[in-house]
Amino acid sequence: MNTHSSEQSSSVIVRLLGFAGLIPFLVPVVLMVQGALSTKGFESASVFGLYAPYVFITYSAIILSFLCGALWGKAVSGDCRQAANAVLIFSNLIALSAWSCMLLIYLTPIMSIFAVVLLLAGFLAVLLCEREFVQMANQRNSEKDFKTTSYWKMRMQLTALVALLHLVVIYLMIQEF
C-alpha cells in the first residue's frame, strides 16, 4: 500500500469516527426533545434507564477530555516549543473543568445547566487553541497541506454541531427549571 493510499484510508477513518461520535450526543438530545414535547416532560427522558441530561453531560466531558489529550499530544510532538507549554497547561485546565462538570451535576439543577455551559465553552476553547497552535507550527514550517485543510473543515463541522446540541440542552434545561 502506498503512502497516499494509506493517508487517504486514515482520513476516511478519522471522518467516520468523528461523525459517528455525534451519535451519543444526538440520542439523549432527541430523547430530551421528545420528552419536552410530550406530556411526560423533559425529566422523563432516559437512555437505558439513565437520566438523559446526565448521559449527555458525561459523554460531553469524556469527548472534551479526549480532545484535550489530542491537543496535549500535538504540543508534546510539535516543534513549536514556545507555545507548547501554554498548550499543555491549557489542555490540563480544560480537562479538569470537564471532570468538574461531571461532579457539578450532583449539586443542584442549576449547576447542571452551568456544567453544560462550561462544557460548551471548553469545546470552543479547545478548537480555538488547537487552531492557533497549528497555525504557529505551520508558520514555522512554511507549509499548509491539504490534510490540514480537510481536517479543519471536519473539526469546524463537528464542533459546530456539538455546540448546537449543547445550546439545545441548555435551552431545554432552562425551560424545565
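Predicted model only: the values in this text are computed from it and were never measured.

Calculation notes
- Residues numbered from 1 in each chain as written.
- Predicted model: local features only at pLDDT ≥ 70, side-chain atom pairs only at ≥ 80, totals over all residues.
- Heavy atoms only, no water.
- Phe/Tyr/Trp six-rings, centres within 6.5 Å; stacked < 30°, edge-to-face > 60°.
- Helix = DSSP H or I, 4+ residues; strand = E, 2+ residues; numbered from the N terminus.
- Buried < 20%, exposed > 50% of the residue type's maximum accessible area, 1.4 Å probe, protein only.
- Contact = heavy atoms within 4.5 Å.
- Core = buried A, V, L, I, M, F, W, Y, C linked by side-chain atoms within 4.5 Å.

Novice: Mind showing me how you'd approach the packing of aromatic side chains here?
Specialist: Two descriptors summarise a pair of aromatic rings, namely the distance from one centre to the other and the angle between the planes of the rings. The tally for this structure, following the rule as stated, stands at six aromatic pairs. Look at Phe25 and Phe123: their rings are 6.1 Å apart centre to centre, the planes differ by 75°, and that puts the pair in the edge-to-face class. Here Phe25 is found in helix 2 (residues 23–37), whereas its partner Phe123 is found in helix 5 (residues 109–141), with 98 residues between them in sequence. Ring geometry for Tyr51 versus Tyr54: centroids 4.8 Å apart, planes at 90°, classification edge-to-face. Of the residues examined, Tyr54 reaches a relative accessible area of 27% and is grouped as partly exposed. Within the aromatic cluster, the residues linked to one another by ring pairs are Phe25, Phe56, Tyr59 and Phe123.

Novice: In this structure, what is going on with the side chain of Thr159? I would like to understand it.
Specialist: Its location among the elements puts Thr159 in helix 6 (residues 146–176). Thr159 gets classed as buried once you look at its relative accessible area, which sits at 5%. Dropping the residues within four chain positions of it, Thr159 is found in contact with Phe123, Leu124 and Leu127.

Novice: So what exactly am I meant to see when it comes to the nonpolar core here?
Specialist: One broad rule of soluble globular proteins: the nonpolar side chains tend to lie buried together. With 45 residues, the main nonpolar core has Phe25, Met32 and Phe56 as its most contacted residues. Elements represented by at least two residues in this core include exactly helix 2, helix 3 (52–77), helix 4 (81–104), helix 5 and helix 6. Ranked by residues supplied to this core, first place goes to helix 3 with 11 residues. Among all residues touching Phe25, those that are not within four sequence positions of it are Phe56, Tyr59, Ser60, Ile63, Phe123, Val162, Leu165 and His166.

On their own, these measurements won't tell you what the molecule is for.
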